[in-house]
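# Breakdown of the fold
In case you want the letters, here they are:
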Amino acid sequence: MLAASLDYAGMASLARALARNDLVRQVVIVVGSFEVYEVARHFIEPNWSAAVANAHRILHLEQALHFAWEQSMQARFLELPELVRAMNVFYFVGHFVLTGVFFTWLYFRSRHGFRSFRNGFLIATAISLLIHWKFPTAPPRLAQVGLEDTLRQLSDIDIGSRTKASYSNPVAAVPSLHAGWAVGVACGVVRYTRSRTVKGMAILYPLLVVLTIVVTGNHFFLDAVAGVIVMAVGFLAASALVRCEPSRREDGDILASATRGGAVR
């Protein structure tokens, strides 16, 4: 009885803290949503035969379109193994770390922008989860298409083989959320920063991500294109949601309006 009362009191205290602290509430929403995504991926049973077949379909489509450049590009980069090792690390940790840094910066830069981009990312991620379920696709490094698994060979990182299937969904290459999120981050930085240097770096960021996911054998170019399309759909849906909400102005907008009217001196 006492334990139940303490648990209830703890939950009530947490609810009050979330109500008072918007930053904490937003962190809980974002982190909780992506944890749900990871758990859902965990429960998708990998269909390896379908996933490998779908990977070969993507390769054949690229060949028909004359831009199946992944194998030749990887071969050139493998001549510089230290650079590829750095790309392995960037692929493994940069995706989440830099996205987290972006959202933290955006929260303090623009609350409206934060809400819009948060919703766009969450919608795009939900759509991607559905595609991962209905259209399982093996990454090139696991699809026997002539690409090496640089993560395992050069960095001893195994995040998607059949032996590690119980820890993640290794057949979720389409769409590439690495590419989609990178484009989303770039759009947000370009929109909300005034620095031309930072804008230039933001524009280069998705290009670096696409180069990394291809060289490490994690995605085809078309996987990246699919990721960008899904992100665009997420932003369109988020924009529609904002239009349906009652109009809200940020504190800074209200203060600026009052200043212009002479109410604040």
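Structure: above.
The paragraphs below set out a description of the structure included in this document.

Thresholds applied
- Starting from 1, residues in each chain are numbered consecutively following that chain's sequence as written.
- Confidence filtering applies because this is a predicted model: local features only for residues at pLDDT of at least 70, side-chain atom pairs given and counted only at 80 or more, and all residues used for totals across whole chains, interfaces and linings.
- Remark: hydrogens and water are excluded; side-chain values derive from all non-hydrogen atoms of the structure.
- Helix numbering and strand numbering both begin at the N terminus, where a helix is a DSSP run of H or I of at least 4 residues and a strand a DSSP run of E of at least 2.
- Burial classes: relative accessible area under 20% of the type maximum marks a residue as buried, over 50% as exposed, and values in between as partly exposed (1.4 Å probe, protein chains only).
- For the accessible areas, the method is Shrake-Rupley and the probe is 1.4 Å, while residue cover comes only from the protein chains on display.
- Polar contacts here mean pairs of N or O atoms no more than 3.5 Å apart (in protein, one a potential hydrogen donor and the other a potential acceptor; neighbouring residues in sequence count only if both atoms are side-chain atoms).
- Throughout, a residue-residue contact means that at least one pair of heavy atoms, one from each residue, lies within 4.5 Å.
- An axis is simply a line fitted to the C-alpha atoms; with a helix, the fit covers only the stretch in contact. Between two such axes, the angle follows the N-to-C directions and lies from 0 to 180 degrees.
- Here the angle decides the label: under 35 degrees means roughly parallel, over 145 means roughly antiparallel, 65 to 115 means roughly perpendicular, and every other value means oblique.
- Classes in brief: Ala, Val, Leu, Ile, Met, Phe, Trp, Tyr, Cys and Pro nonpolar; Asp, Glu, Lys and Arg charged; the others, Gly included, polar.
- Patch definition: residues above 30% relative accessible area lacking any salt bridge, with like charges linked at up to 9 Å and the nonpolar side chains Val, Leu, Ile, Met, Phe, Trp and Tyr linked at up to 5 Å.
- Basic side-chain nitrogens of Lys or Arg form a salt bridge, by our definition, when they fall within 4 Å of a carboxyl oxygen of Asp or Glu.
- By this rule, a helix spans an expected 1.5 Å times one less than how many residues it contains.
- One axis is fitted to the seven residues ending at the residue and one to the seven starting there. The bend at that residue is the angle between these axes.
- In this text, buried Ala, Val, Leu, Ile, Met, Phe, Trp, Tyr and Cys residues form a nonpolar core when linked through side-chain atoms within 4.5 Å.
- Left-handed describes a crossing in which the near helix is turned anticlockwise from the far one by less than a right angle; the clockwise case is right-handed.

### Remarks on the overall build of the protein chain
- Of the regular secondary structure elements, the protein chain holds 11 helices and 0 strands.
- Secondary structure of the protein chain in N-to-C order comes out as α-α-α-α-α-α-α-α-α-α-α.
- Per-residue burial for the protein chain yields a buried fraction of 40% across its 265 residues.
- Split by element, the accessible area of the protein chain, about 15000 Å² in all, is 65% carbon and sulfur.

### Side note on the side chain of H219
- By secondary structure assignment, the location of H219 is in the loop between α9 (196–215) and α10 (221–244).
- A polar atom in the side chain of H219 sits 2.9 Å from the backbone oxygen of A173.
- At a separation of 3.5 Å, a polar atom in the side chain of H219 contacts the side chain of D223.
- Those residues in contact with H219 that sit more than four places away from it in its chain are E70, P140, A173, S176, I213 and V214.

### Quick look at the packing of helix α3 (residues 48–65) against α10
- Two elements in contact, α3 and α10, have axes separated by 9 Å at closest approach and are oriented at 95°. Accordingly, the angle class assigned to the pair α3 and α10 is roughly perpendicular. Residue-level inspection shows I58, L61 and E62 of α3 in contact with α10, the latter providing F221, L222 and D223.
- When the residues that make up the contact of α3 with α10 are grouped by side-chain class, the tally is 4 nonpolar, no polar and 2 charged.

### As for a nonpolar patch on the surface
- Residues V89, F92, V93, V97, L98 and V101 make up a contiguous nonpolar surface patch of about 490 Å² in total accessible area.
- Relative to the helices and strands, V93 is located in helix α5 (residues 81–109).

### Quick look at α5
- Here α5 contains 29 residues, and its C-alpha end-to-end distance of 39 Å stays within 8% of the 42 Å for a straight helix at 1.5 Å per residue.
- At G94, α5 is deflected by roughly 50°, the largest bend along its length.
- For α5, the complete set of buried residues consists of V84, M87, N88, Y91, G94, H95, T99, F102, F103, L106 and Y107.

### Some points on the nonpolar core
- Formed by 44 residues in total, the largest nonpolar core has its most connected members in F102, F117, F121 and I213.
- Contributions of two or more residues to this core are made by α3, α5, α6 (111–134), α8 (177–192), α9 and α10.
- Among residues more than four places away in sequence, those in contact with I213 are Y91, S176, H178, A179, N218, H219 and A224.

### Some thoughts on the pattern of salt bridges
- On inspection of all chains with the given rule, the structure shows 2 salt bridges.
- With a closest N to O distance of 2.6 Å, R85 and E82 form a salt bridge. Here R85 and its partner E82 are both found in helix α5, 3 residues apart, which amounts to about one turn of the helix.
- For R85, a relative accessible area of 29% puts it in the partly exposed group.
- Among the salt bridges present, the one from R141 reaches D149, with a minimum N-O distance of 3.1 Å.

### A closer look at the environment of T104
- With respect to the helices and strands, the residue T104 is situated in helix α5.
- Among the residues examined, T104 registers a relative accessible area of 45% and is labelled partly exposed.
- In the structure, T104 is positioned 78 residues away from Q26 in sequence and 9.9 Å away in space, judged by C-alpha atoms.
- A distance of 2.9 Å separates a polar side-chain atom of T104 from the backbone oxygen of G100.

### Regarding the packing of α5 against α8
- Their axes nearest at 10 Å, the elements α5 and α8 cross at an angle of 30°. Looking at the two axes, α5 sits roughly parallel to α8. Regarding α5 and α8, the two cross each other, and that crossing is left-handed. Contacts between α5 and α8 involve Y91, H95, F96, T99, F102, W105, L106 and R109 from the first element and L177, H178, W181, G184, V185, G188, V189 and Y192 from the second.

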